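Spelled out, the chains give:
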Amino acid sequence: MFNRRKFLQSSVFSSLGLALGRKAWANDPGAGHLVTGSPIVISTWDAGIAANKGAWEILGRNGRALDAVEAGVMVTEASQNCCVGLGANPDRDGFVTLDACIMDEFANCGSVAFLERIKHPISVARRVMEKTPHVMLVGIGAQQFAVSEGFPLEEQKLSDGAKNSYENWLRKSEYKPVINIENSKMNTETPKSGPGPFAPSRFDNGEWNHDTIGMVAMDAMGNLSGSCTTSGMGFKMRGRVGDSPIIGAGLFVDNEVGAATATGQGEDVIRMCGTHTVVELMRQGYSPEQACKRAVERIIKIKGDKAKAIQVGFLALNKRGEIGGYAIQKGFSYAVKSDTQEKMVQAGSFY
Ligand code: SD4
């Protein structure tokens, strides 16, 4: 029972939290983005500009944040030349497998993982949320559900860009799927020789590459929602699922507090419940940027020096419309759209 004593305790803690938060806020360079009372959408990386425009079609007409975050990331999923959706890099056996999740202001959530041949995993995730008693469907079951809901089964074919990078990767890593004759099945064992570098944290031509879009938004009613969709780590092991479709890892929304999404090396986001951590830090009074920074520092603490070789970025929005992001490495950027602004922001970084 929530008695008076507990109420007093919780008020003391929330006042303490707010005091801490104000202090953190005062030192927070990202704290200037205050857009209280008006809709706002933010999303990861430069593909976020187009995605935000898609979301704004809904938010700008006072639509619901949930509809906006679905429509927004669908723009990225549909763009064959980008790094999300069926045009993206395949797994190490040459198949594109997609992960996505969505969450609304009532803590309703839906998710799909290891989904093949479906163009809009985010919409399948939403159907899981709205039409099933479950939160998450994976693999062939997710695909069957999608087809039963009327989603077309697309051709299994790599985009030109993905084909090129896969062929390069095969050459460099000398990966050869091995046939296990005894069971006449593909041997899924990791080959001893050269599994090759995974891709989400790869450092190419002077920048950290990425293959995910995470989006969080607040609508005119002040309600929050979020979405996250990805092809996951390029050249991952077959069946690998990252943080992006996992509620609390790649995405978390708490309508009382704020919402956060993550990008980068999913394994390291999962092990510290990344976006849930960011939202809980905001609950304690940290600004979005400070909360993202704290969460990054937690990864650094866990990984030690190994953190130098990976990228993880967090992006957050609180209930007051303040936004912020932070990453392990330089180069993490995010797109912002509101009534008054449309721009890219370079997030701060630990290194
Ligand atoms: C994953 N977090 O599958 C995703 C990958 C990503 O930018 O965000 N890449 O681990």
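Everything below is about the structure shown above.
This text gives an overview of the structure that appears in the document.

Calculation rules
- Residues numbered from 1 in each chain as written.
- Predicted model: local features only at pLDDT ≥ 70, side-chain atom pairs only at ≥ 80, totals over all residues.
- Heavy atoms only, no water.
- Phe/Tyr/Trp six-rings, centres within 6.5 Å; stacked < 30°, edge-to-face > 60°.
- Helix = DSSP H or I, 4+ residues; strand = E, 2+ residues; numbered from the N terminus.
- Buried < 20%, exposed > 50% of the residue type's maximum accessible area, 1.4 Å probe, protein only.
- Lys NZ or Arg CZ within 6 Å of the ring centre and 35° of its normal.
- Pairing = 2+ DSSP bridges.
- Contact = heavy atoms within 4.5 Å.
- Near = heavy atom within 4 Å.
- Polar contact = N/O pair within 3.5 Å; in protein donor to acceptor, adjacent residues only side chain to side chain.
- Areas by Shrake-Rupley, 256 points an atom, 1.4 Å probe, with all protein chains shown as cover.
- Nonpolar A, V, L, I, M, F, W, Y, C, P; charged D, E, K, R; others polar.
- Right-handed = clockwise from strand over helix to strand, strands pointing away.

**Some remarks on the packing of aromatic side chains**
Move 1: Counted under the stated rule, the structure contains 6 aromatic pairs.
Move 2: Look at Trp45 and Phe332: their rings are 5.1 Å apart centre to centre, the planes differ by 75°, and that puts the pair in the edge-to-face class. Placement of the pair is Trp45 in the loop between β1 (40-44) and α2 (48-59) and Phe332 in the loop between β14 (323-327) and β15 (333-338), with a sequence separation of 287 residues.
Move 3: For Phe332, a relative accessible area of 0% translates into the label buried.
Move 4: A connected cluster of aromatic rings, assembled from ring pairs, spans Trp45, Phe332 and Tyr334.
Move 5: We note Lys337 situated over the ring of Trp56; from NZ or CZ to the ring centre the distance is 5.0 Å.

**Things to note about the sheet that holds strand β13 (residues 312-318)**
Move 1: Read across the sheet, 5 strands follow the order β11-β12-β13-β14-β17 without closing on themselves; strand pairing throughout is mixed. Only two strands of the sheet have a single neighbouring strand rather than two, namely β11 (251-254) and β17 (348-349).
Move 2: Summarising the sheet, β13 and β14 pair through 5 bridges and their orientation is antiparallel. Across the sheet, Leu315 pairs through a bridge with Gly325, a residue of β14.

**Overview of the side chain of Lys337**
Move 1: Tracing the backbone through its elements, the reader meets Lys337 in strand β15.
Move 2: Assessed through its relative accessible area of 12%, Lys337 is described here as buried.
Move 3: Once you skip the residues sitting within four places of it in the chain, Lys337 turns out to touch Pro39, Ile40, Val41, Asn52, Trp56 and Glu342.

**Focus: the site of the ligand**
Move 1: Neighbouring residues of the ligand: 13 residues in total, closest Asp211, Thr212, Arg240, Asp243 and Gly264.
Move 2: Residue Thr212 places a side-chain N or O atom 2.6 Å away from an oxygen atom belonging to the ligand.
Move 3: Between the ligand and the protein, one listed contact pairs a nitrogen atom with a side-chain N or O atom of Asp243 at 2.6 Å.
Move 4: Relative to its unbound accessible area of 290 Å², the ligand is 100% covered by the protein chains.
Move 5: Of the residues contributing to the shell around the ligand, the split by class is 2 nonpolar, 8 polar and 3 charged.

**Observations concerning the pairing of strand β3 (residues 109-115)**
Move 1: In terms of burial, β3 is largely enclosed, as 6 of its 7 residues are buried.
Move 2: Direction of pairing for strand β2 (residues 98-103) relative to β3: antiparallel, over a ladder of 5 bridges. Pairing of Leu98 across the sheet is with Leu115, part of β3.
Move 3: Taken together, β2 and the strand that follows it, β3, pair antiparallel across an intervening segment of 5 residues, in which Ala107 is found at a positive phi of about 70°.
Move 4: Direction of pairing for β3 relative to strand β4 (residues 136-138): parallel, over a ladder of 3 bridges. Residue pairing across strands places Ala113 opposite Val138, the latter belonging to β4.
Move 5: Viewed along the sheet, the connection from β3 through helix α4 (residues 121-131) into β4 turns out left-handed.

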